[in-house]
Structures are given as structure tokens and as C-alpha cells.
Amino acid sequence: MDHSATTATDPAVVEAMLPWFSINYGNPSSLYRLARDSKAAIEDARKRVANAIGAKPEEIYFTSGGTESDNWALKGAAFALQKRGNHIITSAIEHHAILHTCQYLEKHGFQVTYLPVDEFGQVRIEDLRAAVTDKTILVSVMFANNEIGTIQPIPEIGAFCRERGILFHTDAVQVIGNLPVDVAAMNIDLLSLSAHKFYGPKGIGALYIRKGVRIDNYLHGGGQEHRKRAGTENVPGIVGLGVAIEKAVVDLEVKTSRIRALRDVLLDRILHEIPNTRLNGHRTMRLPGNLNVSFEFIEGESLLLLLDHAGIAASTGSACSSGSLEPSHVLLAIGLPAEVAHGSLRLTLGVENTQEDVNYACDEIKKAVERLRAMSPLYVDYLKKRSCNV
Amino acid sequence: MYSEKVMDHFMNPRNQGEIPDADGVGEVGNPTCGDIMRIFLTVKDNIITDVKFQTFGCGAAIASSSMATELIKGKTLEEAWEVSNKAVAEALEGLPPIKMHCSVLAEEGIHKAINDYRIKNGLEPWEEKGGHTHSHDDLTDEE
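Residues numbered from 1 in each chain as written. Chains lettered and ligands numbered in written order. Predicted model: local features only at pLDDT ≥ 70, side-chain atom pairs only at ≥ 80, totals over all residues. Heavy atoms only, no water.

Caption draft 1: How the structure looks around the packing of helix α10 (residues 252-273) of chain A against helix α15 (residues 355-374) of chain A. All names here are of chain A. Closest axis-to-axis distance for the α10/α15 pair is 10 Å, and the angle between their directions is 20°. Judged by the angle between their axes, α10 and α15 are roughly parallel. The crossing of α10 and α15 is right-handed. Mapping the contact onto sequence places L262, V265, L266, R269, I270 and E273 in α10 and Q355, V358, N359, C362, D363, I365 and K366 in α15. Its residues placed into classes, the contact of α10 with α15 shows seven nonpolar, two polar and four charged. (Axes fitted to C-alpha atoms, helices over the stretch in contact; angles between N-to-C directions. Helix = DSSP H or I, 4+ residues; strand = E, 2+ residues; numbered from the N terminus. Parallel < 35°, antiparallel > 145°, perpendicular 65-115°, else oblique. Left-handed = near helix turned anticlockwise from the far one by under 90°. Contact = heavy atoms within 4.5 Å. Nonpolar A, V, L, I, M, F, W, Y, C, P; charged D, E, K, R; others polar.)

Following this line, the structure appears as C-alpha cells:
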């Protein structure tokens, strides 16, 4: 139940990729037949990606994944437009691929505004309007958040930026296969996506660059990808991305309704059956498979260990699991006190999950929370205080 | 990422609970950092005859509490005072570097509980030998 971290590559995707390893292994830049097949496969995949997000094939550039796409979009736009202005606007709850890139750009003379979010994790258009200056060249706001699943008002932000001639980038890594995306209708200039989040392979992604938008190159070298992204193409990965994204957007509403219903059952059970629990994020404006809750009086990493022991893969915003010592910047940005952020649990459901999984997960979460609370001094104190007040 | 010993003490914590009329109690850590440890001691003739813990924290914090209570049970107060965070970490067959502060927390919890006992009994509290305190400062910059 950690599909936002990654997904299993669909067997049909693997099968489509296999011939491009050792049978049709030609370098697309070579001139012989073997190479022409590779080139054709890439162009076929480019069409599939474009179709899935309402773009034109020539607006799709293959990259190594979400992180590269984010880095390219931000650095490429910033350096291309620095004569026009040096101000970038993003949100406080972006993925580190955006936040750390922004911090890097700050070291190179750019000014970055990190928009706050409301208690549900949404950016307010008023805040965006107030942050814009005549030096603003780029706005980057994620389509939906990876931790709390909150969906941003992307069409509104897109329209706002387009009216003012400000470039708009969105990190849509969590979104493909979960929500409909139409870059033209939503006025998106740059969009990042990554195959392994929607049952495709790892190490491959794409950046959509709207026709007419010029950004600097990020990788310099050969003339691949219309001289915009150097490096011999990852042909099997690109083929896999093409097949995976086509499958991801077919019957989107049917697939996501099933997952959303499972998620809602799990969420309702957790909130009703485990006291002192809160939902993090928005009740309805959230990714269909995403569930993020905080259990008071316990710490998330120990909860993950118990769940892992029960065969359930999950994630947390607690500092103790992340290798850093701060709890999740997203949970802090929606106003959670650090101790509540430490007790957070994220479950992200996907196509393989069933009603039985949900029931089992809920039972195990209940047991694990009870077990950890029984040894928590915070909980013991809470119970004593409560019995005094009765 | 954790040793088998850490996982064993996390899954089957020893001496977890509370001693209602404890002779000494020590609490360290804070909820903002994500770990709080409370140690309860029963002391008879200068010997720790019973010890219990309550911990809010990660797997390493819970395992360190459990191991620390095992290491001091049946010891004299002087011997228990000498149980260092390193000894706790070694007994657990090592902790990841970022989790070493959990063992420091255990050492400090024991010290606080012992001094609580000493103060309650009209004795001078023992002084910390300096050196470490429960701090994240030495671990922050790891990006």
C-alpha cells in the first residue's frame, strides 16, 4: 500500500520492452535498419505520451524521470528568462526535486517565493496574485501532493499565469493514471511525469514543453530529442513508458472509482475505530488512492516497522524514517504540530489492492497503534488526565 | 537497516510498563523531536531490583529503552550510572549513525532516574561527566 513510492511494472509493459534490449538494440542515431526501428519505436511512444496528456508529439521530451524533468524545467526556464526577471514562485509543499532546485537557483541570483498552503494543503490564488511581481518569470506548483494527496487548482493557476505571460510548470508525477490531464485546456507550459508511478519502468520520464516555450538545455551533448536533451535514448524505457501511459489513462474513471471506494472504506474505518486520529489533507480534493492520517501519542517509524512485520508496506512523515531529523515539510506546512506530524501514516492504494487487503490493513493498523500507545508515556499521561476530568 | 537484536527488542520489548510507586523516575526527550523516554526504578539496598520504561519514539528508541533496562537490572546504582550509550548501542549489535541519539537518550534517562532517587533520599545528585547531551546538532548536515 505504498503506490505513491512506486508501482510494479505491468507484465504487458515488460513484454513490450523486452525486444528492445537485445534484439532491436540499435542506437536510434545510427543510420542502418536496426537503428531506424529504434527511432520509430521512440516516435511511437512519444505519440502515446502526447495523446495521454493532450499534447502534440513534438512537445514531449524523454528524460530519466521526475527529478530530471523538474530540474530541467526550473533551471532551463530560469536561465533562459533571467534577462526578463529573476523571480520564481512555487509552493511550500513541493517535492524536494523542486524545493532543492529552487534553493540552488537562489544561490545563483534568483529570488523564490514559497507560497503557503491552507490547512488542507491547497495553494490560494490570492496568495499567488499577491506574490507576483514584474520580475516573476516562472510559477511551479505541483498537480497533486505526494504525501497528503491534495489536488491543486491547476486550471485556475494555469489561466492566471497565461494571462500574465508567466511560464507555468507543474510536477504531475503523482497524477498520471489518477486524474485526467489536459495540458492545452489547463494552460500548462511545462509538465513533469515519471513512468514508475503508473506501472511503468523506473529511470524513464518525460518533460512536456509547450510549443513556442524556450528553455535552456539541461544535459549538453549529442543532438538527441531535437537537440534539447542529449544522451543516447533509453529505448526500452521509452517503449515501456509509452505502453504504460496509454494503459494508465484508459478507463481512468472506472479504475480510479474502484480505488477511491476502497480508500474511503479504509479511511472511514480508521477514523471511526481508532480514537485520537486525524485525516491530513483534503477530504475530497485528493488523489484517489491516497490516505494520510496522524495517530496521536505514537511515532510513525515504529508504526511502519510493525506494519512491515505484518506484511504491509506504508510510509510516514516522521523524521525518524526519512534519514533527516525534521518531520515532513508538507505536514508542517498544513499546520500540524511536530509531534502530530511524527505520528503520521501514508497509505497509497493501487490496482492490485482488494477489499480483503483493506480489511486486513485496518485490523493490523489498529493492533499496531494500540500496542505502541500502550508503551507511550504521552498516551499514559493522556489517559490519566482524562480519567481525572471525568 | 536495523540489526536483528534491535528488531528483537523492538518486537519483544523487555521491562515495558510503569512502576506506580517507583523510587526514582527519569524522563528525557521531547515530543517535537519525536522521542520521549521515561524510566522507573525500584531500589533496594543500593541495588536496582526492578526497572520499567515507557517510550514514545522510533524503533531504535524503543529497542534502546528495552536494552538499557536489561543492562541495569540487578546492578548497583554506581554500576548502572556507568552504563554508557555506547554500551547500549553495542549490546544492540549497533545502531545506524542517525539513530545513535536514541542510545544517548537511554543513558540520560537512566541518569535522570538515578538522580531522582538520590534527591528523594536526601543525597547529592551525581554530575554528568560532560560530553554528550541528547542533541541532534551533530547530525543535522547530511544532505
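Caption draft 2: Seen up close, the interface of chain B and chain A. The interface is formed by 31 residues belonging to chain B together with 26 residues belonging to chain A. Between chain B and chain A, a total of about 2,300 Å² is buried, with carbon and sulfur atoms accounting for 64% of that surface. The interface formed by chain B and chain A includes three salt bridges. A salt bridge links E301 of chain A to K99 of chain B; the nearest nitrogen and oxygen atoms lie 3.3 Å apart. Where chain B touches chain A, the interface holds 11 residue pairs in polar contact (both at pLDDT 80 or more). (Buried area = accessible area lost by both parts, 1.4 Å probe. Salt bridge = Lys/Arg side-chain N within 4 Å of Asp/Glu carboxyl O. Polar contact = N/O pair within 3.5 Å; in protein donor to acceptor, adjacent residues only side chain to side chain.)

Caption draft 3: Up close: the packing of aromatic side chains. Residue and element names in this part refer to chain A. Throughout the structure, instances matching the rule amount to six aromatic pairs over all chains. Note on F297 and Y379: the rings are 5.3 Å apart at their centroids and 50° apart in plane angle, and the pair reads as tilted. A residue pair is termed long-range when its members are at least 10 positions apart, and F297 in the loop between β9 (290-295) and α11 (300-309) and Y379 in helix α16 (residues 377-389) qualify at 82 residues. On the basis of relative accessibility, which here comes to 11%, the residue F297 falls in the buried class. Taken together, a centroid distance of 4.7 Å and an interplanar angle of 35° make the contact between F297 and Y382 tilted. With F297 in the loop between β9 and α11 and Y382 in helix α16, this pair connects stretches of sequence that are 85 residues apart. Residue classification places Y382 among the partly exposed positions, given a relative accessible area of 25%. These aromatic residues form a ring-pair network of at least three members: F297, Y379 and Y382. Its end group placed over the ring of Y104, K75 keeps NZ or CZ at 4.8 Å from the ring centre. The lysine or arginine in question, R164, covers the ring of F160, its NZ or CZ lying 3.7 Å from the ring centre. (Phe/Tyr/Trp six-rings, centres within 6.5 Å; stacked < 30°, edge-to-face > 60°. Buried < 20%, exposed > 50% of the residue type's maximum accessible area, 1.4 Å probe, protein only. Lys NZ or Arg CZ within 6 Å of the ring centre and 35° of its normal.)

Caption draft 4: Layout of the sheet that holds strand β10 (residues 344-348) of chain A. All names here are of chain A. Sheet architecture is open: three strands sit in the order β8-β9-β10, paired in antiparallel fashion. Because the sheet does not close on itself, it has two edges, and the strands there are β8 (277-279) and β10. When the angles between neighbouring strand axes are averaged without regard to direction, this sheet yields 25°. Summarising the sheet, β9 and β10 pair through five bridges and their orientation is antiparallel. Looking across to β10, one finds that V293 is bridged to L345. (Pairing = 2+ DSSP bridges.)

Caption draft 5: Spatial organisation of unusual backbone geometry. Residues and elements named next belong to chain A. The backbone phi angle of H226 is positive, close to 55°, even though this residue is not glycine. Within the element layout of this structure, H226 appears in helix α8 (residues 224-227). A positive phi angle, close to 50°, is found at D251, a residue other than glycine. Within the element layout of this structure, D251 appears in the loop between α9 (235-249) and α10. In this structure D251 comes out as exposed when scored by relative accessible area, which is 52%.

Caption draft 6: Quick look at the environment of P31 of chain B. Among the structural elements, P31 of chain B can be located in the loop between β1 (24-30) and β2 (35-44). Overall, the relative accessible area of 25% leaves P31 of chain B in the partly exposed class. Here the alpha-carbon distance between P31 of chain B and F56 of chain B, two residues 25 residues apart in the chain, equals 8.0 Å. Not counting residues within four places of it along the chain, the set of residues in contact with P31 of chain B comprises E339, H342 and L378 of chain A together with I36 and F56 of chain B.

Bear in mind that shape data such as this cannot, by itself, settle questions of function.
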